[in-house]
Amino acid sequence: MSTLVWFDGEVRPAHEPVVTALDRGLLVGDGVFDTCVVIDGTPFALRRHLARLARSAEIVGLPTPPLDVVARAARDLASRLDGPTGRLRVTWTAGPAEGGPARAATTPTLLLTAESHPVAHPAPGSAPAPARTALVVAPWVRNERSPLTGAKSTSYAENVLAIEHARRHGGTEAVLANTRGELCEGGASNLFLETGGELLTPPLESGCLAGVTRELVLEWATEAGLPVREARIPLADFRAAEHAAVTSATRGIVPVDVLEGRELHAGPVTLRMQQVFAERVAQDLDP
């Protein structure tokens, strides 16, 4: 596995230090990021990921990243990876500044990293066997009224703790409700409930992140005539699910195998959506 870093206009070795110790992204988590997969040397859905990066920056009050620079750097890094698939991350922070939590006038930090990595959905017939997806409900909730709602923030400790809770209890991903007791999202994914012949996912006003894969599933399902839509879902309904699915950049859409220790089976709408998703990825790497 190779790892590459882009910083200040140059591609650098992964071990080379590039960010100052005073960077606010490091000290107080004052930054945003976005992650996409690399397929055959190309960042998948790059335009959508960069649009979300810009939205995240606007939400947290950071300047808009130089998206043309980011796009060129992302494509350059992706083309240099030594494997057929990989993962690419763009990080945009408030930059180096002395002092406490209050922001000062600084130059933001732009950092890209890329690594070769197995991806669950590079193209039909070529994906590695997916790991089992086991969900555990976290004891904490997502605050849908948080100032960070909708932003993919580098303040990621809540997500880390939720996922670690799931792992300690035999899971691979955490389930988070919101303050209203509704299904919100996973620790690092969006969630879908298959019920009544439909595939349902919480609306953005639930507090969930606007996942790019979630967005593509909703668009492509509509175009394929599949019954997939947004809906408010009580957490209790999700816990009682017979079929469920998760979506993320690195996984695409995959069925849930275990929910709170209970075995589930892939639903027919989920399985059909997997086929549609793989076909559309094979047709266009920047939809």
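That block above? That's the structure.
No experiment lies behind these values; they were computed from the predicted model shown. (Residues numbered from 1 in each chain as written. Predicted model: local features only at pLDDT ≥ 70, side-chain atom pairs only at ≥ 80, totals over all residues. Heavy atoms only, no water.)

Some remarks on the sheet that holds strand β4 (residues 42-43)
Then, number 1: An order of β2-β1-β6-β5-β3-β4 is seen for the six strands of this open sheet, with the pairing classed as antiparallel. This sheet does not close on itself; its edge strands, each paired only once, are β2 (10-13) and β4.
Then, number 2: The sheet contact formed by strand β1 (residues 3-7) and β2 spans four bridges and is antiparallel. Looking at β2, one finds that Val5 is bridged to Arg12.
Then, number 3: Sheet strands in contact with helix α2 (residues 46-60) are β3 (31-39), β4 and β5 (85-93), and its direction is about 170° off that of β3. (Pairing = 2+ DSSP bridges. Helix = DSSP H or I, 4+ residues; strand = E, 2+ residues; numbered from the N terminus. Contact = heavy atoms within 4.5 Å. Axes fitted to C-alpha atoms, helices over the stretch in contact; angles between N-to-C directions.)

A few points about the nonpolar core
Then, number 1: Leu77, Leu88, Val90, Leu110 and Leu112 are the most contacted members of the largest nonpolar core, which totals 26 residues.
Then, number 2: Looking at this core, the elements that each hand over two or more residues are β1, β3, α2, α3 (67-80), β5 and β6 (109-116).
Then, number 3: Ranked by the residues each element gives to this core, the list is headed by α3, at six residues.
Then, number 4: Excluding its chain neighbours within four sequence positions, the residues that come into contact with Leu88 are Asp34, Thr35, Cys36, Val38, Ala74, Leu77, Ala78, Leu112, Thr113 and Ala114.
Then, number 5: Core analysis: the second largest hydrophobic core is formed by 23 residues, Ala221, Leu226, Phe277 and Val281 among them. (Core = buried A, V, L, I, M, F, W, Y, C linked by side-chain atoms within 4.5 Å. Buried < 20%, exposed > 50% of the residue type's maximum accessible area, 1.4 Å probe, protein only.)

A word on empty space enclosed by the protein
Space left empty within the atom packing is revealed by a probe, the size of a water molecule, rolled over the atoms.
Then, number 1: For the coordinates displayed, the defined rule picks out one cavity of 30 Å³ or more.
Then, number 2: The space that makes up the largest cavity amounts to roughly 30 Å³.
Then, number 3: Taken together, the elements giving at least two residues each to the lining of the largest cavity come down to β3, α2 and β5.
Then, number 4: Its residues placed into classes, the lining of the largest cavity shows five nonpolar, two polar and one charged. (1 Å grid on protein atoms, 1.4 Å probe; cavity = no way out; pocket = protein on both sides within 12 Å on 5 of 7 lines; lining within 4 Å. Points joined across faces, edges and corners; volume = space filled by probe spheres on them. Nonpolar A, V, L, I, M, F, W, Y, C, P; charged D, E, K, R; others polar.)

Re the sheet that holds strand β9 (residues 183-186)
Then, number 1: Read from one edge to the other, the open sheet built from five strands follows the order β9-β8-β7-β15-β16, with strand pairing classed as mixed. A single partner strand is all that each edge strand has here, and the edge strands are β9 and β16 (262-263).
Then, number 2: When strand β7 (residues 134-142) meets strand β15 (residues 258-259), the two strands line up parallel, connected through two bridges. Residue pairing for β15: Leu135 is matched across the bridge by Leu259.
Then, number 3: Strands in contact with helix α4 (residues 157-168) are β7 and β8 (173-178); relative to β7, the strand with the most contacts, it is inclined by about 140°.

Examining a nonpolar patch on the surface
Then, number 1: Judged by side-chain polarity, Leu22, Leu26, Leu27 and Val28 come together as a nonpolar surface patch covering roughly 360 Å² of accessible area.
Then, number 2: Looking at the secondary structure, you find Val28 in the loop between α1 (24-27) and β3. (Patch = residues over 30% accessible without salt bridge, like charges linked within 9 Å, V, L, I, M, F, W, Y side chains within 5 Å. Areas by Shrake-Rupley, 256 points an atom, 1.4 Å probe, with all protein chains shown as cover. Salt bridge = Lys/Arg side-chain N within 4 Å of Asp/Glu carboxyl O.)

So, the packing of aromatic side chains
Here the distance between the centres and the angle between the planes together describe a pair of aromatic rings.
Then, number 1: Under the criterion given, the structure shown has two aromatic pairs.
Then, number 2: The lysine or arginine in question, Arg89, covers the ring of Phe33, its NZ or CZ lying 3.9 Å from the ring centre. (Phe/Tyr/Trp six-rings, centres within 6.5 Å; stacked < 30°, edge-to-face > 60°. Lys NZ or Arg CZ within 6 Å of the ring centre and 35° of its normal.)

Details of the packing of α2 against helix α5 (residues 212-224)
Then, number 1: Where α2 contacts α5, the axes come no closer than 10 Å and their chain directions differ by 125°. Considered as vectors, α2 and α5 are oriented oblique to each other. Note that α2 runs across α5; the crossing there is right-handed. Contact residues: Arg48, His49 and Arg52 in α2; Val212, Glu215, Leu216 and Glu219 in α5.
Then, number 2: Looking at the contact of α2 with α5 residue by residue, the classes come out as two nonpolar, one polar and four charged. (Parallel < 35°, antiparallel > 145°, perpendicular 65-115°, else oblique. Left-handed = near helix turned anticlockwise from the far one by under 90°.)

Regarding the packing of α5 against helix α7 (residues 268-283)
Then, number 1: As a packed pair, α5 and α7 sit with axes 10 Å apart at the nearest point and diverge in direction by 100°. The orientation of α5 relative to α7 falls into the category roughly perpendicular. Side by side, α5 and α7 meet where Thr213, Leu216, Val217, Trp220, Ala221, Glu223 and Ala224 of the first sit next to Met273, Val276, Phe277, Arg280 and Val281 of the second.

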